[in-house]
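Chain by chain, the residues:
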Amino acid sequence: MTVSRAALFAIVGISSFVASIQMSYAGGLGLDWLSNKPYVECLKQARMLADVSSVMKGPAYREASYERGRHQCNRQYYGHE
């Protein structure tokens, strides 16, 4: 097989793959919460408190503390976890 024929097969293969992909926008990512400034500030405060408390209680406590703070923010601003 010549180089030009291999290149042609590669171009056809790539173009058919690209044509089969369905385009979607970021609507599925759910980034609308970023516009809720009080909620974002609540999350920042939860992260800060988790970081500060991990200094006294150890690094293993950090993520558990942040999760509790995040759940509290979710309940406060959205009514769910």
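Trainee: Pulling in residues and values, what's your account of the overall build of the protein chain?
Mentor: Tallying secondary structure elements over the protein chain gives 3 helices and 0 strands in all. Along its sequence from the N terminus, the protein chain presents helices and strands in the succession α-α-α. Of all 81 residues assigned to the protein chain, the portion counted as buried reaches 17%. Within the protein chain, contacts between residues at least 6 apart in sequence are counted, and of these 37% link residues at least 24 apart. Of the accessible surface of the protein chain, which amounts to about 6,600 Å², a share of 64% is contributed by carbon and sulfur atoms.

Trainee: Tell me what's going on with a nonpolar patch on the surface, and back it up with residues and numbers.
Mentor: A contiguous nonpolar surface patch, about 440 Å² in accessible area, is contributed by Leu31, Trp33, Leu34, Tyr77 and Tyr78. By the secondary structure assignment, Leu34 is in the loop between α1 (3-20) and α2 (37-57). A relative accessible area of 41% means that Leu34 is categorised as partly exposed.

Trainee: Lay out the pattern of salt bridges with the relevant residues and their values.
Mentor: A complete count under the given rule lists 5 salt bridges for this structure. The shortest N-O distance in the salt bridge between Glu41 and Lys44 comes to 3.5 Å. Of this pair, Glu41 and Lys44 are both found in helix α2, 3 residues apart, which corresponds to roughly one turn of the helix. Between Asp51 and Arg62 there is a salt bridge; the shortest N-O distance is 3.2 Å. Taken together, the positions of Asp51 in helix α2 and Arg62 in helix α3 (residues 60-78) put the pair 11 residues apart, joining distant regions of the chain. Judged by relative accessible area, which is 31%, Asp51 ranks as partly exposed. Sharing partners across several salt bridges, the network here consists of Arg47, Asp51, Arg62 and Glu63.

Trainee: Break down the confidence of the model for the protein chain for me, citing the residues and quoting the values.
Mentor: Confidence along the protein chain averages 77 in pLDDT terms, with 64% of residues attaining 70 or more. A low-confidence stretch, residues 23-27 (pLDDT under 50), is modelled with 0 contacts involving residues beyond four sequence positions or located in other chains.

Trainee: So what's going on with the nonpolar core? Residues and values would help.
Mentor: Tyr39, Cys42, Leu43, Ala46, Ala50, Tyr66 and Cys73 form the largest nonpolar core, which has 7 residues in total. Sort the elements by how many residues they give to this core and α2 lands first, with 5 residues. In contact with Cys73, other than residues within four places in its own chain, are Tyr39, Cys42, Leu43 and Tyr78.

Rules of the game
Residues numbered from 1 in each chain as written. Predicted model: local features only at pLDDT ≥ 70, side-chain atom pairs only at ≥ 80, totals over all residues. Heavy atoms only, no water. Helix = DSSP H or I, 4+ residues; strand = E, 2+ residues; numbered from the N terminus. Buried < 20%, exposed > 50% of the residue type's maximum accessible area, 1.4 Å probe, protein only. Contact = heavy atoms within 4.5 Å. Areas by Shrake-Rupley, 256 points an atom, 1.4 Å probe, with all protein chains shown as cover. Patch = residues over 30% accessible without salt bridge, like charges linked within 9 Å, V, L, I, M, F, W, Y side chains within 5 Å. Salt bridge = Lys/Arg side-chain N within 4 Å of Asp/Glu carboxyl O. pLDDT = per-residue confidence, 0-100. Core = buried A, V, L, I, M, F, W, Y, C linked by side-chain atoms within 4.5 Å.

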